[in-house]
Amino acid sequence: MSVSTELPDLVVVGSGFFGLTVAERCAADLGLKVLVLERRHHLGGNAYSEFEPETGIEVHKYGTHLFHTSNERVWEYVNRFTDFTNYQHRVFGKYQGQVYSLPMNLALINSFFGKSHTPDEARALIAEQSSEIDTKDATNLEEKAISLIGRPLYEAFIKGYTAKQWQTDPTELSADIITRLPVRYNFDNRYFNDKYEGLPVDGYTAWLERMADHPNIEVRLNTDFLSADGVADEFKGKVPIVYTGPVDEYFDNSEGRLSWRTVDLRTEILDVDDYQGTGVVNANDADVPFTRELEFKHLHPERAASYTPGRTVVVREFSRFAEEGDEPYYPINTAEDRAKLLKYRDLAAKEPMVLFGGRLGTYKYLDMHMAIAAALSMYDNKLRPHFADGAELKSGGVDGE
C-alpha cells in the first residue's frame, strides 16, 4: 500500500468486503489511485479476525463469519486472494438442558418429540400442529411462526431466542419479520445450502489484507470520514466517493436515525480443551441472557496441533437495540425506517459524485458473498463505465442498485 499526497482518483470510505472489492477492482483493473479511509484501527469491517495469543485460536472479533456462496463469479473472485478449507457449518440449539441439531430437521423432530418419525409422518405432524393458525390470519410474529411450524417447536426454538434478539415479546413483533421457517424432513444438518462453503485457510485478516495489498491502494486507518476534522471536505465534490458507512450519519441524521440491532460480545478463555464440541450453540431458553455461544477452535480443526492444549476461547453473544455510538449490525427495518430510507435515497441521488454501498450504506443485511457481489455490480455498472468510458457518474446507490 503506497502513500500519496496528491488527490486520489477514487475515495472509498470503509474497508469491509464491499469497500475493499471496489478498491481492488478499480486499482488492479483500471489502474486508479484509490484511497481507503477506515475509522477503526484495522481493515476488514466486521469480518476482521485476530489470533488470540494465549491459545493460538483465530477469533472473529465481531461474531462468527462463515463464507458460503453459489455465485460463480464471487467464488472465482475470492479465490484470487485466499484458499478455503472444506469446513461445513453446523449449528446446534440448547433447550431445557438438551442439545438439538439445527436447522429444524428430522433429527430435531425425533429428539424433541421422543419418537422416530418417517419423513411423511413428521410432515403430517407439523402440518397438524401448524393448522392451529392460518398463515394469512397471522397478526404478529408469534402467530406467523405457529402457523408455519406449530406451537411446540415455536415455543422451544423460536420464542425465547427471538425475544432475546429483539428485546421484544414476539406477540409485539410484526409477522413480516418471518417470511418462512423451513423444516427439513430428512437428517441433513448442513446449515447452508450453497454450492461453495469454507473458511479462509490462513484467516480473514490475511485475506482482507491481500485485497488491499496493491501499489495503487493507500489505506488510512483511524480516520473518520465524517469527523469534525474536515476529512470529508477534503474530498467531497473533488473526486468520486464510494461511501459504505451508515447512510443516516452521512446526512447528519437529517431524516431521523435508522434503527439497528447490535451485539455485545463477551470473551472468556477457559482451562478446558473443548467446551461445547462444536463452533456454535444457540441458547434457546428465554431465561439464558445470551443468544449463542461460539467456540472458535472448532472452525479450524486442521489447526489443532497449533492450539495450546487444555485451553479454549468461548464468546457469548448478547443482542440488543443499538444506541448512539454502538456498532450497528442488523437493520431492524420497520415501516418507519423504510420511510426514512426513501428520504435518504432522494438525498443520496442529489449528492455529487457519491455512491452509497454495503450493509450500512444501503441499510440492508448483506452476507459477505452478497456484499462482494453488490460491489462487483457497482464496479461493472457505474465505476468502470465512468472511469474507462467517460460515462456520467450518477450518484445514489442507497437501494443497492
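Residues numbered from 1 in each chain as written. Predicted model: local features only at pLDDT ≥ 70, side-chain atom pairs only at ≥ 80, totals over all residues. Heavy atoms only, no water.

This paragraph deals with the overall build of the chain. Along the backbone of the chain there are 13 helices and 16 strands. Here the C-alpha radius of gyration of the chain, 23 Å, is about what a compact globule of 401 residues would show, namely 21 Å. Taken along the three principal axes of its C-alpha coordinates, the chain extends 70 × 55 × 35 Å. Every one of the 401 residues in the chain was classed for burial, and the buried ones make up 54%. Residue pairs at least 24 apart in sequence account for 73% of intrachain contacts in the chain once pairs closer than 6 positions are excluded. Of the roughly 18,300 Å² of accessible surface on the chain, 47% is carried by carbon and sulfur atoms. (Helix = DSSP H or I, 4+ residues; strand = E, 2+ residues; numbered from the N terminus. Rg over C-alpha atoms; globule rule 2.2 N^0.38 Å. Buried < 20%, exposed > 50% of the residue type's maximum accessible area, 1.4 Å probe, protein only. Contact = heavy atoms within 4.5 Å. Areas by Shrake-Rupley, 256 points an atom, 1.4 Å probe, with all protein chains shown as cover.)

Time to look at the sheet that holds strand E1 (residues 10-13). Ordered in space as E9-E2-E1-E10-E16, the 5 strands form an open sheet in which the pairing is parallel. Looking at the sheet topology across the chains shown, the edges are occupied by strand E9 (217-220) and strand E16 (354-356). Across the sheet, the mean angle from the axis of one strand to that of its neighbour is 20°, orientation sign disregarded. By the bridge criterion, 3 bridges tie strand E10 (residues 241-243) to E16 in an arrangement that is parallel. By the bridge assignment, Tyr243 is partnered in E16 with Phe356. (Pairing = 2+ DSSP bridges. Axes fitted to C-alpha atoms, helices over the stretch in contact; angles between N-to-C directions.)

In this section: the UniProt feature "domain: UDP-galactopyranose mutase C-terminal" (unreviewed entry) in the chain. When the UniProt feature table is mapped onto this chain, "domain: UDP-galactopyranose mutase C-terminal" (unreviewed entry) is found at residues 156-365. Note that residues 156-365 is 23% helix and 21% strand, and that its end C-alpha atoms are spaced 26 Å apart. (UniProt positions renumbered as here; feature names shortened; annotations may be inferred.)

The next subject is a negative patch on the surface. On the surface, Asp224, Asp229, Glu249 and Glu324 cluster together into a patch of negative charge. Take Glu324: it is sitting in the loop between strand E14 (312-321) and strand E15 (330-331). Looking at Glu324, the relative accessible area reads 69%, which means it is exposed. (Patch = residues over 30% accessible without salt bridge, like charges linked within 9 Å, V, L, I, M, F, W, Y side chains within 5 Å. Salt bridge = Lys/Arg side-chain N within 4 Å of Asp/Glu carboxyl O. Lys, Arg positive; Asp, Glu negative; His and termini not counted. Charge placed at Lys NZ, Arg CZ, Asp CG, Glu CD.)

Below, the discussion takes up helix H3 (residues 106-113). All of the buried residues in H3 are Leu106, Leu108, Ile109 and Asn110. On the buried face of H3, the contacting elements are strand E7 (98-102), helix H4 (119-130) and helix H6 (151-157). Its side-chain oxygen placed 3.2 Å from the backbone nitrogen of Ala107, Asn105 serves as the N-cap of H3. Gly114 sits one or two positions beyond H3 and adopts a positive phi of about 65°. (Polar contact = N/O pair within 3.5 Å; in protein donor to acceptor, adjacent residues only side chain to side chain.)

What the domain assignment reports for the chain is domain 1 (10-85 + 202-257 + 331-397) and domain 2 (104-177). With centres defined by C-alpha atoms, the gap from domain 1 to domain 2 works out at 37 Å. (Domains from an automatic or database assignment.)

It is worth spelling out the sheet that holds strand E6 (residues 91-95) at this point. Across the sheet, which stays open at both edges, the 7 strands sit in the order E7-E6-E12-E13-E14-E11-E15 with mixed pairing between neighbours. Each edge of the open sheet carries a strand with a single partner, namely E7 and E15. As paired strands, strand E11 (residues 260-270) and E14 are joined by 10 bridges and run antiparallel to one another. Opposite Leu270, over in E14, you have Thr312 as the bridge partner. The sheet strands contacting H3 are E6 and E7, and the helix crosses E7 at an angle near 155°. Where helix H7 (residues 159-166) meets the sheet, it contacts E11, strand E12 (280-283), strand E13 (292-295) and E14, and its direction lies at approximately 75° from that of E14.

A few words now on the packing of aromatic side chains. In total, this model carries 27 aromatic pairs according to the counting rule given. When the ring of Tyr77 is compared with that of Phe81, the centres are 5.1 Å apart and the planes differ by 70°; the resulting orientation is edge-to-face. Each member of the pair, Tyr77 together with Phe81, is buried. Taken together, a centroid distance of 6.0 Å and an interplanar angle of 65° make the contact between Tyr100 and Phe112 edge-to-face. Taken together, the residues span a long stretch of sequence, with Tyr100 in strand E7 and Phe112 in helix H3 at a distance of 12 residues. Here the basic side chain of Arg40 rests over the ring of Tyr62, its NZ or CZ set 4.1 Å away from the ring centre. A cation over an aromatic ring shows up here: Arg261 above the ring of Trp166, its NZ or CZ 4.6 Å from the ring centre. (Phe/Tyr/Trp six-rings, centres within 6.5 Å; stacked < 30°, edge-to-face > 60°. Lys NZ or Arg CZ within 6 Å of the ring centre and 35° of its normal.)

Within the element layout of this structure, Asn284 appears in the loop between E12 and E13. Side-chain polar atoms of Asn284 contact the backbone oxygen of Phe157, separated by 3.1 Å. When near neighbours in sequence (up to four residues on either side) are disregarded, Asn284 contacts Gly93, Lys94, Tyr95, Ala156, Phe157, Gly160, Tyr161 and Lys164.

Sheet topology note: the E11/E15 ladder contains 2 bridges and is antiparallel. Of the residues in E15, the one forming a bridge with Arg261 is Tyr330.

Given a rise of 1.5 Å per residue, 16 residues ought to cover 22 Å, and the 24 Å separating the end C-alpha atoms of helix H11 (residues 335-350) matches this to within 8%. Listing the buried residues of H11 in full gives Asp337, Lys340, Leu341, Tyr344 and Ala348. Along the axis of H11, the buried positions cluster into a sector of 105°, meaning they face one direction only. Exposed residues lying more than 90 degrees from the buried face of H11 are Ala335 and Lys350. Taken together, the buried residues of H11 touch helix H10 (247-250), E16 and helix H12 (358-362). (Expected span 1.5 Å × (residues − 1). Arc of directions from axis to C-beta.)

Turning our eyes to something else, we now look at the nonpolar core. Grouped together as the largest cluster of nonpolar side chains are 104 residues, with contacts concentrated most on Val34, Phe67, Trp207 and Leu383. In terms of residue count, helix H13 (residues 368-389) provides more of this core than any other element does, 8 residues in total. Both domains that furnish three or more residues to this core are identified here as domain 1 (10-85 + 202-257 + 331-397) and domain 2 (104-177). (Core = buried A, V, L, I, M, F, W, Y, C linked by side-chain atoms within 4.5 Å.)

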